[in-house]
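# Breakdown of the fold
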Amino acid sequence: MYAHSRLPAPQRRHRKYFILMGVCIVLFVLAWSVVRLWSIPVAVGMCVVAMVIPPIAAIIGNRREPGERWWDESGDPESDRWWRELDDHK
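Because the structure is predicted, anything quoted here is derived from the model rather than measured.

Looking now at the overall build of the protein. For the protein, the count of helices and strands is three helices and zero strands. Restricting the contact set of the protein to residue pairs at least 6 apart, pairs at least 24 apart contribute 48%. Accessible area of the protein: about 7100 Å², with a carbon and sulfur share of 68%.

Here is the structure:
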């Protein structure tokens, strides 16, 4: 894989989040529009699986990747400088 074809970390997280949420919506729609006609227990099972996906998607969408510091920046230059100094001593 080429280095220029890799997406930045925030775009990768957004893509994973939207894929998971898309799967969740597809499971719900298929469960109650198609699958319920053949088997209600299977449709309920699909909904249970779909119910677990949003929290997992939120965790994946907010996961920090190594080297990312976007949540550490406070906007206070003195505080940010202090935290950078602490990181440099590790």
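With that out of the way, let us pick up the packing of aromatic side chains. Scanning all chains against the criterion turns up one aromatic pair. Geometrically, the ring pair formed by Tyr17 and Phe18 is edge-to-face, given 5.3 Å between the ring centres and 75 degrees between the ring planes. Classification of Phe18 as exposed rests on a relative accessible area of 58%.

This paragraph deals with the environment of Leu30. Tracing the backbone shows Leu30 in helix H1 (residues 9-33). Put simply, Leu30 and Ala43 are 13 residues apart on the chain and 8.1 Å apart in space, counted from C-alpha to C-alpha.

Moving on: the state of the cysteines. One pass over the structure, following the stated rule, counts zero disulfides. The thiol sulfur of Cys24 is not disulfide-bonded, and the nearest other cysteine sulfur, from Cys47, lies at 8.9 Å. The exposure class assigned to Cys24 is buried, which follows from its relative accessible area of 5%. Judged by its relative accessible area of 12%, Cys47 is buried.

Attention now moves to the confidence of the model for the protein. Regions with low pLDDT should not have their predicted coordinates read in detail. Confidence along the protein averages 84 in pLDDT terms, with 81% of residues attaining 70 or more. Taken element by element, the predicted model of the protein shows its lowest mean pLDDT in helix H3 (residues 77-88) (76) and its highest in helix H2 (residues 40-61) (95).

Together, Ile25, Phe28, Val29, Trp32, Ile40, Val44, Val48, Met51, Val52 and Ile56 give the surface a local cluster of nonpolar side chains, amounting to about 890 Å² of exposed area. Counting only elements with at least two residues in the nonpolar patch, the list comes to H1 and H2. Here the element with the most residues in the nonpolar patch is H2; it accounts for six residues. Position of Val44 among the secondary structure elements: in helix H2.

This next bit is on the nonpolar core. Counting nine residues, the largest nonpolar core is built from Cys24, Leu27, Ala31, Val35, Ala43, Met46, Cys47, Ala50 and Ile53. Only H1 and H2 provide two or more residues apiece to this core. In terms of residue count, the dominant contributor to this core is H2 (five residues). Setting aside its immediate chain neighbours within four residues, Ile53 contacts Leu20, Val23, Cys24 and Leu27.

Reading the values: rules and limits
- Residues numbered from 1 in each chain as written.
- Predicted model: local features only at pLDDT ≥ 70, side-chain atom pairs only at ≥ 80, totals over all residues.
- Heavy atoms only, no water.
- Helix = DSSP H or I, 4+ residues; strand = E, 2+ residues; numbered from the N terminus.
- Contact = heavy atoms within 4.5 Å.
- Areas by Shrake-Rupley, 256 points an atom, 1.4 Å probe, with all protein chains shown as cover.
- Phe/Tyr/Trp six-rings, centres within 6.5 Å; stacked < 30°, edge-to-face > 60°.
- Buried < 20%, exposed > 50% of the residue type's maximum accessible area, 1.4 Å probe, protein only.
- Disulfide = S-S within 2.5 Å.
- pLDDT = per-residue confidence, 0-100.
- Patch = residues over 30% accessible without salt bridge, like charges linked within 9 Å, V, L, I, M, F, W, Y side chains within 5 Å.
- Salt bridge = Lys/Arg side-chain N within 4 Å of Asp/Glu carboxyl O.
- Core = buried A, V, L, I, M, F, W, Y, C linked by side-chain atoms within 4.5 Å.

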